[in-house]
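# An overview of the molecular structure
So the chains spell out like this:
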Amino acid sequence: MNKTFSTSEIQQIAIEIIKNAPTKTLCFYGEMGAGKTTLIKAIAKELDCKGNTSSPTFGIVNEYQNKDNEIIAYHFDFYRIENENEALDIGIEDYFYTNKWVFIEWPEKISSFLPEDATNIKLKVISSNKRSISIL
């Protein structure tokens, strides 16, 4: 999927990603401010995650649960790690085999550990309220 969308269309993009992603491991690429966290929030909303969803910049990982308190997704932000071995320290590889949704911001920082079948989502800023998205 290659598409340009406005910020008001983000929920529809989230629905399309959920329906069409070949895997539950989603790697979000894009510069700071491209909308990675905003898109992940929209996906979490469509998955009926309860509570607040936010970027785990300092904690590295957030868990999202459904109304029955079952974990349905993990959200990683690797922006602040110094080297990719830090991802091993938190057991990143174990998360890939949970059969839960896994959202990864700044996946290029842990490229050696990403599953080969991960879905790559590239976001690019077009203007203040327009983005392009490519899903590979």
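Residues numbered from 1 in each chain as written. Predicted model: local features only at pLDDT ≥ 70, side-chain atom pairs only at ≥ 80, totals over all residues. Heavy atoms only, no water.

### Brief notes about helix 2 (residues 36–46)
Rule in force here: Categorising residues by exposure relies on relative accessible area from a 1.4 Å probe, with only protein chains included: less than 20% of the type maximum marks a residue as buried, more than 50% marks it as exposed, and the intermediate range marks it as partly exposed. Each helix is a run of H or I in the DSSP string that is no shorter than four residues. Each strand is a run of E no shorter than two, and both are numbered from the N terminus.
Three or more residues of helix 2 are buried, namely Lys36, Leu39, Ile40, Ala42, Ile43 and Ala44. Just downstream of helix 2 lies Asp48, where phi reads positive at about 65 degrees.

### Concerning the sheet that holds strand 3 (residues 61–65)
Keep this limit in mind: DSSP bridges decide pairing: two strands pair if at least two such bridges lie between them. Interaxial angles span 0 to 180 degrees and are taken between N-to-C directions of axes, which are lines fitted to C-alpha atoms, for helices over the stretch in contact. Residues count as neighbours in contact if any of their non-hydrogen atoms are within 4.5 Å of one another.
Taken together, seven strands build an open sheet; the order of strands is 1-7-6-2-5-4-3 and the sheet is mixed. The sheet is open, and its two borders are formed by strand 1 (2–6) and strand 3, each paired with just one other strand. Between one strand and the next, the sheet's axes are offset by a mean angle of 20 degrees, whatever the strand orientation. Sheet contacts for helix 1 (residues 10–20): strand 1, strand 2 (25–29), strand 5 (101–105), strand 6 (119–127) and strand 7 (130–135); angle to strand 1, the most-contacted strand, approximately 150 degrees.

### Comments concerning the nonpolar core
Stated precisely, the cut-off is as follows: Think of a nonpolar core as a cluster: buried Ala, Val, Leu, Ile, Met, Phe, Trp, Tyr and Cys residues, connected wherever their side-chain atoms sit within 4.5 Å.
With 25 residues, the main nonpolar core has Ile17, Leu26, Leu39, Ile43, Phe103 and Ile133 as its most contacted residues. Looking at this core, the elements with two or more residues in it are helix 1, strand 2, helix 2, strand 4 (71–77), strand 5, strand 6 and strand 7. Not counting chain neighbours up to four residues away, the residues in contact with Ile43 comprise Ala14, Ile17, Ile18, Leu26, Phe28 and Phe103. Counting residues in each nonpolar core, the second largest holds 18 residues, with Tyr74, Ile81, Tyr95 and Val102 among its members.

### Remarks on the pattern of salt bridges
What counts here: For this analysis, a salt bridge means a side-chain nitrogen from Lys or Arg found within 4 Å of a carboxyl oxygen belonging to Asp or Glu.
Evaluation of the coordinates by the stated rule reveals one salt bridge. For Lys3, the salt bridge goes to Glu16, with nearest N and O atoms at 2.9 Å. With Lys3 in strand 1 and Glu16 in helix 1, the pair connects residues that are 13 residues apart, well separated along the chain.

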